[in-house]
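Here is what each chain is made of, one letter per residue.
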Amino acid sequence: MKSMSTKAMIALLSLAVSAFAIGTTEFVIVGLLQTVADDLRISVTKAGTLVSGYAAAIAIGTPIVTTLTSKLPKKGLLIILMMIFILGNGLSSMSHSYELLLFSRVITAVAHGVFFAIAATVATEIVPENKKGSAISIMFTGLTVATIVGVPFGTFVGQAFGWRATFLAVAVLGLIGLLINLFAVERIERERSAPTLKDVGQLITNPRILLALLMTSLGFGGTFALFTYLSPILENVSGISSEMIVWMLLIYGVAVAAGNIIGGKLSNNHPVKALRYVFFFQMIVLLLQMVLLPNKALSYLSVVILGLFAFMSSPGVQAYIVTLAEKLVPSAKDIASALNISAFNVGIAGGSALGALAVDYMTYLDTAWIGAAMVLMAFFLAVLNYKLDKKQNLF
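The notes below deal with the structure included here. (Residues numbered from 1 in each chain as written. Predicted model: local features only at pLDDT ≥ 70, side-chain atom pairs only at ≥ 80, totals over all residues. Heavy atoms only, no water.)

1. So, the packing of aromatic side chains
The full count for this structure, using the stated rule, is eleven aromatic pairs. When the ring of Phe224 is compared with that of Phe227, the centres are 5.3 Å apart and the planes differ by 90°; the resulting orientation is edge-to-face. In this pair, Phe224 and Phe227 are both assigned in helix H8 (residues 207-227), three residues apart and thus about one turn of the helix distant. Each member of the pair, Phe224 together with Phe227, is buried. Chaining the aromatic ring pairs together yields one cluster made of Phe220, Phe224, Phe227, Tyr252, Phe311 and Phe344. Geometry around Tyr98 places Lys46 over its ring, the cationic atom sitting 4.6 Å from the centre. For Arg276, the ring lying beneath its charged end belongs to Tyr386, and the centroid distance is 4.2 Å. (Phe/Tyr/Trp six-rings, centres within 6.5 Å; stacked < 30°, edge-to-face > 60°. Helix = DSSP H or I, 4+ residues; strand = E, 2+ residues; numbered from the N terminus. Buried < 20%, exposed > 50% of the residue type's maximum accessible area, 1.4 Å probe, protein only. Lys NZ or Arg CZ within 6 Å of the ring centre and 35° of its normal.)

Below, the structure written as structure tokens:
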């Protein structure tokens, strides 16, 4: 079994720093949802579109921009994307209307999606074959650390100094990420041949690729049906004070990090084999929330198990799509990675939109069974993908 080199580990950790800044800007809005809604005098569900709109921008923009920039050197592209990310967050910090804030989030979102698409393929290229799942989980550690430190810290800053200060702080984080990538990531060989429209067409019409992307969307949509409204749920259903929610988000983030590491280790050999179990237990955990969240004491346990399974599937689904593309349409591997980032965010947009419908027309707790239903479908797709892989001898 080959191990990672020190050079590869440094590169992965430098990408993780940028992922931390990017993850903070996407998810910190969850902790500030009520604050932003009150300040801009909009409903909490309209504020929720700052989550779903961000995700939709990633979903639409990522594959298009990744295709258009496929001939650029990967390190240079990563640097440009971080500059756009900083600009978008700077604009968010100056927003005094819902429309300008949503526009600035869209700019940031496109940089976000393409960065993760390129970084994920870089991560798999610089490590041995048997370490791809772990490499992606290390890169995604920045995203999970964002949920541990970035989201609670950003929520605290927003409550203490106003939500605009949070986005200014995230812009500074982005600048730090840019500088570290500039010095720590070595020049990466550009692709010898960029994917053609024919390659992209083969990718998006391949039923195996489409099944994998749908699995990603449903798995993440299930998480975000509830997670988007976690702060108001904890405050209005569990009876947690707004000051204590910062610490609840911290607990959630620690659990997310642990789940991400477990998910990476489970995904090193045959990712979708492990995903069957991950999705099954994630579904059970979401259903349990209907019992746990109304109890103030049990809500702490609720947050731990929610966090543990929230992103456990992320290394697996990303490793799976990249490996599947390598075998089926190798020339379009970067585009496959981009499409999977889009699939993540189609799920986030869809899940948060369904969560909004539950909040508007049912109850906060109905977000739990809606999320569980989405994850149940992801579980069935994982089972189907595994059977097809065995039948076609792909792994």
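That was the structure; now back to the text.
2. Examining the environment of Ala297
Within the element layout of this structure, Ala297 appears in the loop between helix H11 (271-292) and helix H12 (298-310). Judged by its relative accessible area of 58%, Ala297 is exposed. C-alpha separation for the pair Ala297 and Ser238, spaced 59 residues apart in sequence, amounts to 8.4 Å.

3. As for the nonpolar core
With 117 residues, the main nonpolar core has Leu203, Met215, Tyr252 and Phe279 as its most contacted residues. Sorting elements by how many residues they give to this core places helix H1 (residues 6-40) first, with 13 residues. Setting aside chain neighbours within four positions, we find Met215 in contact with Val272, Leu275, Phe279, Val317, Tyr320, Ala378, Leu381, Ala382 and Asn385. Ala8, Leu12, Ala123 and Ala135 belong to the second largest nonpolar core, which has six residues in total. (Core = buried A, V, L, I, M, F, W, Y, C linked by side-chain atoms within 4.5 Å. Contact = heavy atoms within 4.5 Å.)

4. A word on empty space enclosed by the protein
Across all of its chains, the model carries three cavities of 30 Å³ or more by this definition. Each pocket or cavity is described by its volume, and for the largest cavity that value is around 100 Å³. Forming the walls of the largest cavity are Glu26, Phe27, His112, Phe116, Phe140, Leu143, Phe220, Phe311, Ile341, Phe344, Asn345 and Ile348. Looking at the lining of the largest cavity, the elements that each hand over two or more residues are H1, helix H4 (98-125), helix H5 (132-161) and helix H14 (333-361). (1 Å grid on protein atoms, 1.4 Å probe; cavity = no way out; pocket = protein on both sides within 12 Å on 5 of 7 lines; lining within 4 Å. Points joined across faces, edges and corners; volume = space filled by probe spheres on them.)

5. With respect to the environment of Thr6
With respect to the helices and strands, the residue Thr6 is situated in helix H1. C-alpha separation for the pair Thr6 and Val157, spaced 151 residues apart in sequence, amounts to 36 Å.

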